[in-house]
Each structure stands twice: as C-alpha cells, then as structure tokens.
Amino acid sequence: MVGVWGVAGDLEKEVAARIEPLLWDGSETIETTAADRLQIVTATHDRSPDSVRTDGHDTVWTVGEVHGYEGDTYENRYGFRCSASEYAADLYRTHGLEFAAGMNATASVFIHQRDRNRLVVATDRLGSHPVYYAELDDGVVFSTSIQAVLAHPAVDPALDTEGLYSYFAFNRVPGVDTPFEAISTLPPGAIATIDLDSGSLGIDCYWRLEYDPIDRSFSYFVDRFVELLQRVFEERAADDRRYGILLSGGSDSRLLLAAGDIPVAYHLADWMSREARTAERVAFLGDADFRLLRRPDDHIERMLERVPSRMNFNGRFDQAHLNGFDGRIRAECDVLVTGLYGDSFFKGGLVPSFDLDLGSVGSVSVPVERRIDSVEDALDALGGSLPPFLETPPELDSVLRSRLSERPDGSVTFHGIEYSSPSDLALFESYYPLSNDSDYHYFGLSQMAPQWAPFLDNRFIDLARSMPARYHIRRDVITAALRALSPALSAVPHSETGVRPTSPFPIDHLTKYGSLFWRKHVADERLPQTYYSRGPWRDRRAVLRERGFGREVLARNDDLLRDLPFLDREAAYRCHDAHMAGEDHTAALYTLLTVLEMPVFDAVAGP
C-alpha cells in the first residue's frame, strides 16, 4: 500500500484534493471506506483493495509489510500466501491488540473496532511507515503524509520553528515532532486509540529500543547473522512474487544477491561507470540479469518537479533516486529488494566515532568509539548546522534542548521519544523512529514501488543492538557474511575503494583510504560529464553549477522567499551565488529548493 488518509470524528466530504500527496503517479488503486464518524481513504499499487473484515464488523488495513509473528516460536507469514492485511487481521483475531508486540513488520496497521466505535493504529518497532496526525475540536485527521493532513481545512498550518530549524539543520525532524505545531507523528512501537464518539486520542508504547550488548566472539555474531539472513530468504521462498534487486558495487546488496535467488539486478547510473561495471560483474557471478537504469541528464530537475509535494520532511527531493524508473520496475518485478540500513545497523552507522579532517585531502573515519557520558556529549555527536539564509536563526543547541528532558533514572526524552540513556540517544536517534532518517531514499521508494529491505527486521535489529561497539566500528559483519556465503562475490573489489571484501579489517580500512586518496587526487579518469561520478550518485555540487536550475527555482518562488517569515530572501540569493562562484552550499541549497517546491508553504505564506 502507498498510503492512508482519514478523519475520525466530523467527516470530511471532499477528499480528492486531500489525498493527492499520497499518490505517486496516479496509477494507484483508491479505496474509500466510510462508517459512523470515520472515513478512510487508501492508495495502493495493487489492483485489488487491501482492507479485510475480520468478523463482519472490524476492518483492518495495513501500510507496508507484516513479515511474521514472534510468539513462543517464530511464525512466517509468507508460508500462508496471504496479503499483509489478511495476515494482520488473523493475528488480531487470535491475539487481540497484543498482536502488535509480537508483530515483525515494516508497517502500520489500522483497525476499525466497530462494536467499540474506535480506530486503533499500531506502528512497528521502528515506525518505518510513519503516521502523522492532528487533533481537531471534534476528532483527529491522520495520514501517512504530513501534506495530506495539512490539506484538511481545520488543520492550522502554523509553524513549529524548532521543528523547522531541525529540518534545515539535519534534513529531518527528531522524534514525534514536525515543522507544524498542530501535527505530530505517532511514536514507534505504539498502539494509538481514537474514540470515534468523543474524538479523544490515547497512545501506549509497547516497545522501546535499547542497547543491550553481549560479550561474545565476533564469529558468534557472524554465524548468527548468516543463519538469520538465510532464514529470511527461505521464508520469502514460499512467496510467488517476482523479485528484483537494486544492486550497487558495494557489499550490502551483493550479500543479498548471494543469499537469495534473485533473477533481476538493477543498477542506477549515468553511464557505464566503474561502479556500474562492478555491479554488472557481480550480477553475472550471481546469475542475475543485469539491467542498467540510465539517468537522463535532467534527472534532478525532474525529481524537483514531482518529489517535494509528496515529502514528509525526512530528506531532500534529490534523494528520490528511482524517480522516473518506478513504472518500469513495477512492470518487471513485484518486489524490489534493497540493502538499505545494512551499513547503518552493522557497519558502524549506529556507534558514534571520530572523523579526522585532513583539509583538502578529505576526512578519515577513525574506528574508535566516541564516549557518550552525558546529554551534552549526545547532542554534540548529532552535529548539524543551520544554513545562512534563515531569518534570525537561534543557536542550534537551544533548538535541540527545547524538547529534551532527563529523568533521575538516567533516561532521556528527546522530542517525545524516550531513550534509556544519553548513550542510547546518540546510538539510535537518527533511526529511532525511522522517520528521523535524513535520507528520503527508503520513503520515496515506498511510494514508488513495493520494496523489501531485509535488514529492517526485528531479528536483525535485535542482533545489531546486542553486538559490542568494537564489532560495529572495527569489524564488518556484512563482509564476513559475504565471504562465508559466496567466495566468488567477495573476491570482486569494491567499486569505490578497490578493496576486496576478503581483506581483514585493518588492511581493508587502511587500503580503502589510500585507494580513495589516489582516485580523488592522482588518478586521471575522464568523465562523460563534469557532474557525473564514478560511483552511483551525481556530483550534486557540480549539477547546480553546470545545469543552472537553482536560480530559476529561486526566481519562480521569489514571492515565497519574500513572504515566508523564516527566510531571508537576499541571503538565499547570496548563498546560491556563492555556491556558483565556488563555495560549497550543496546541502543547504537542495534543502531550500525542497521547501520552496512544497505546496504546504503556500498556505504558510498566506494570501
């Protein structure tokens, strides 16, 4: 399913304009359900509706996938050959609302309990399909899209400046907050209940992410990782859908190719670069049909036209990498497999470490854990900076502290999410909830086509949080698993570094930076276009300078630049011109362009 929009309470009659942010290209199937004081509209890529009646009264909808249920033993959903909503409905029949605590899912589940006249929403442990809501005088409007919630005429578009500044600083808004005072996000691992008679909302959390390392050998974790990876692919083998994989030249996606029988491998590139050639070789060795998704030269401009109106302030428009290829992917496969979050959970992404700045040479990641003993340490580890075109911006530290509180037991509440300690805040804040992620790739792909990210699984999350920090930052479970599953694929050098995944960690780490330095500063490898790269992504700094669309977007939104109270119009033009003259304001400008092209800010600016 692509998304949900609904009203609990005083019903909204006209919904067409409200649900537009849910739709990616208009090919979705729309289903509307209306009951006493409840209206729900769903949009799905599938042709058949995805609502399920449990007993003639209660109705269940899902956004995302329910993979299985963790009770006394693990139950695999894919062996039942049923839809996610059908499986969730069966779990609800069997376990009642307690099913949420055992649900292994990347989904939010909506349940209309007709006899009790209430709507229940259960989010998965990470909140991988966030649900946004605004409480009205007589009910609640909710959606998987912030912009769809704002489209309701009773929702006040007043800005939450702390949330807005956070978005400009980090390309995300922490916790349950958003850039709008009236709108919040349901917490991860929660059950929310809306009483349809009174319109009241109650939220109970059934799970919290905590770091709980165990003192075992590195080989223990590699063995558990390999066993789990093989198991999740065996579970999917019972599913008769067609699978494809988004294949890079790195190790995460090739590990998935080694673990599963995936017949089609897609690689996104501008040309047959070094990365593309590596991916082609990996696909050949993995017995997959290699298919190049070649970006057109105006790829980023096309993303700017479509993407901002569908975003939820988690990332930038230029991160919707598969925009324009989604129709082809849906036609050729039913589910696209990605290695997303493998590096985040198992290759040092969770544990704060240090970067050594070497000036013009670049920066080097030092594999030493950064101690987090206090809230000050945790906030410092978040980093972030505010762009130069904000009107009288506050100190970033004050923005972060505005929604932070400490308890005597050492736990920390940060923007509505509780962490057991400042260390856990630093470890997990950028992915718990998952809407804190500053990369739109996962969320954009969820709107474009059905996807499966195997590492987003309760069992992988539990394994990652049980690994000691030294294994996260000085060892590599993924490459060790690749060596165990496919010596042939592990012998192919990484496209960016030239290092084979067979190398021991210290050699791999040192060789990687030596190779990167050589290729960046010495090797003369000619590019077809100055803004192309030898890797999977374009040089976005050069794209702005070479293609010149930034100034056009600023001019097109000149009135908005003048009217939005948080922007300094002249400073925005100066920032753009400074970038064009050689300074690097890439992240700030792409964030600004994202905001200017979001329809919601027309309402903020006013008539």
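Just so it is clear, the structure is predicted and the values come from calculations on it, not from any experiment. Residue numbers here run from 1 along each chain, matching the order of that chain's written sequence. Selection of residues for local features in this predicted model requires a pLDDT of at least 70, selection of side-chain atom pairs for listing and counting requires 80 or more, and totals for whole chains, interfaces and linings are taken over all residues. Side-chain descriptors were evaluated using all non-hydrogen atoms of the structure, hydrogens and water having been removed beforehand.

*Asks:* Looking at this model, I keep getting lost on the overall build of the protein chain. Mind explaining?
*Replies:* In DSSP terms, a helix is any run of H or I states spanning at least four residues, a strand is any run of E spanning at least two, and both are numbered starting from the N terminus. From N to C terminus, the protein chain includes 26 helices and 23 strands. Relative to a compact globule of 607 residues, whose C-alpha radius of gyration would be 25 Å, the protein chain shows 24 Å and is just as compact. For this analysis, residues touch if any pair of their heavy atoms sits within 4.5 Å. Across the protein chain, every contact between residues at least 6 apart in sequence was considered, and the portion connecting residues at least 24 apart equals 67%. All accessible-area figures derive from a Shrake-Rupley calculation using a 1.4 Å probe, and residue coverage is judged against the displayed protein chains alone. Accessible surface, the protein chain: about 23900 Å² in total, of which carbon and sulfur atoms supply 46%. Where the 61 positive side-chain charges of the protein chain centre and where its 94 negative ones centre are 7 Å apart. Radius of gyration here uses only the C-alpha atoms, and the compact-globule reference equals 2.2 Å multiplied by the residue count raised to the power 0.38. When charges are counted, Lys and Arg contribute as positive and Asp and Glu as negative, whereas His and the chain ends are disregarded. Lys charges are placed at NZ, Arg charges at CZ, Asp charges at CG and Glu charges at CD.

*Asks:* Help me understand the nonpolar core in this model?
*Replies:* Most often, soluble globular proteins have nonpolar side chains that are buried together. In this text, buried Ala, Val, Leu, Ile, Met, Phe, Trp, Tyr and Cys residues form a nonpolar core when linked through side-chain atoms within 4.5 Å. A simple rule labels every residue: compare its accessible area, found with a 1.4 Å probe on the protein chains alone, to the largest value its type can have, and call it buried under 20%, exposed over 50%, or partly exposed in between. Counting 158 residues, the largest nonpolar core has F225 and F601 as the members making the most contacts within it. In terms of residue count, helix α6 (residues 218-236) provides more of this core than any other element does, 9 residues in total. In this structure, F601 is in contact with L159, L164, F180, F313, L560, L564, F566 and V595, ignoring residues within four places of it in sequence. One finds L97, A100, A105 and I111 within the second-largest nonpolar core, a separate group that totals 22 residues.

*Asks:* Would you take a moment to explain the environment of F345 for this structure?
*Replies:* Mapped onto the secondary structure, F345 falls in helix α11 (residues 342-346). Judged by its relative accessible area of 6%, F345 falls in the buried class. Between the C-alpha atoms of F345 and H472, which are 127 residues apart in sequence, the distance is 8.1 Å.

*Asks:* So what exactly am I meant to see when it comes to the pairing of strand β3 (residues 38-44) here?
*Replies:* For a regular strand, the rule is simple: side chains alternate between the two faces of the sheet. Across the 7 residues that make up β3, a large majority, 7, are buried. Burial along β3 is two-sided: the face carrying L38, I40, T42 and T44 and the face carrying Q39, V41 and A43 are both buried. In this scheme, strands are said to pair when DSSP sees at least two bridges between them. By the bridge criterion, 6 bridges tie strand β1 (residues 3-9) to β3 in an arrangement that is antiparallel. Bridging across to β3, A8 finds its partner in L38. Taken together, the 7 bridges between strand β2 (residues 29-35) and β3 define a ladder with antiparallel strand orientation. Each residue of the ladder has a partner; that of E31, found in β3, is T42. Connecting β2 to the next strand, β3, in antiparallel fashion are 2 residues, including R37 with a positive phi near 60°.

*Asks:* Looking at this structure, how should I read the sheet that holds strand β22 (residues 417-419)?
*Replies:* Backbone-to-backbone hydrogen bonds pair the strands of a sheet. The strands run either parallel or antiparallel. The 3 strands lie next to each other as β20-β21-β22, forming an open sheet whose pairing is antiparallel. Two strands lie at the open edges of the sheet, namely β20 (404-406) and β22, each paired on one side alone. Shown here is a sheet whose adjacent strand axes are inclined to one another by a mean of 20°, direction ignored. In this structure, strand β21 (residues 412-414) lies alongside β22, joined through 3 bridges in antiparallel fashion. Residue F414 lies in a different strand from β22, and its bridge partner there is I417. To obtain each axis, a line is fitted to C-alpha atoms, and for helices this fit is confined to the stretch in contact; angles are then taken between N-to-C directions over 0 to 180 degrees.

*Asks:* I would appreciate a short explanation of the side chain of R538 in the present structure.
*Replies:* By the secondary structure assignment, R538 is in the loop between α20 (505-521) and α21 (540-547). With residues near it in sequence (within four places) discarded, R538 still touches D270, R295, P296, D297, H299, I300, Y531, Y532, S533 and V543.

*Asks:* When you look at the environment of F443 in this model, what are you seeing that I'm missing?
*Replies:* Within the secondary structure layout, F443 lies in helix α15 (residues 441-448). Given a relative accessible area of 9%, F443 falls into the buried group. Spatially, the C-alpha atom of F443 lies 24 Å from that of G260, the residues being 183 residues apart in sequence. Those residues within four positions of F443 in sequence are excluded, and the remaining contacts are S128, P130, N314, Y341, L434, S435 and D437.

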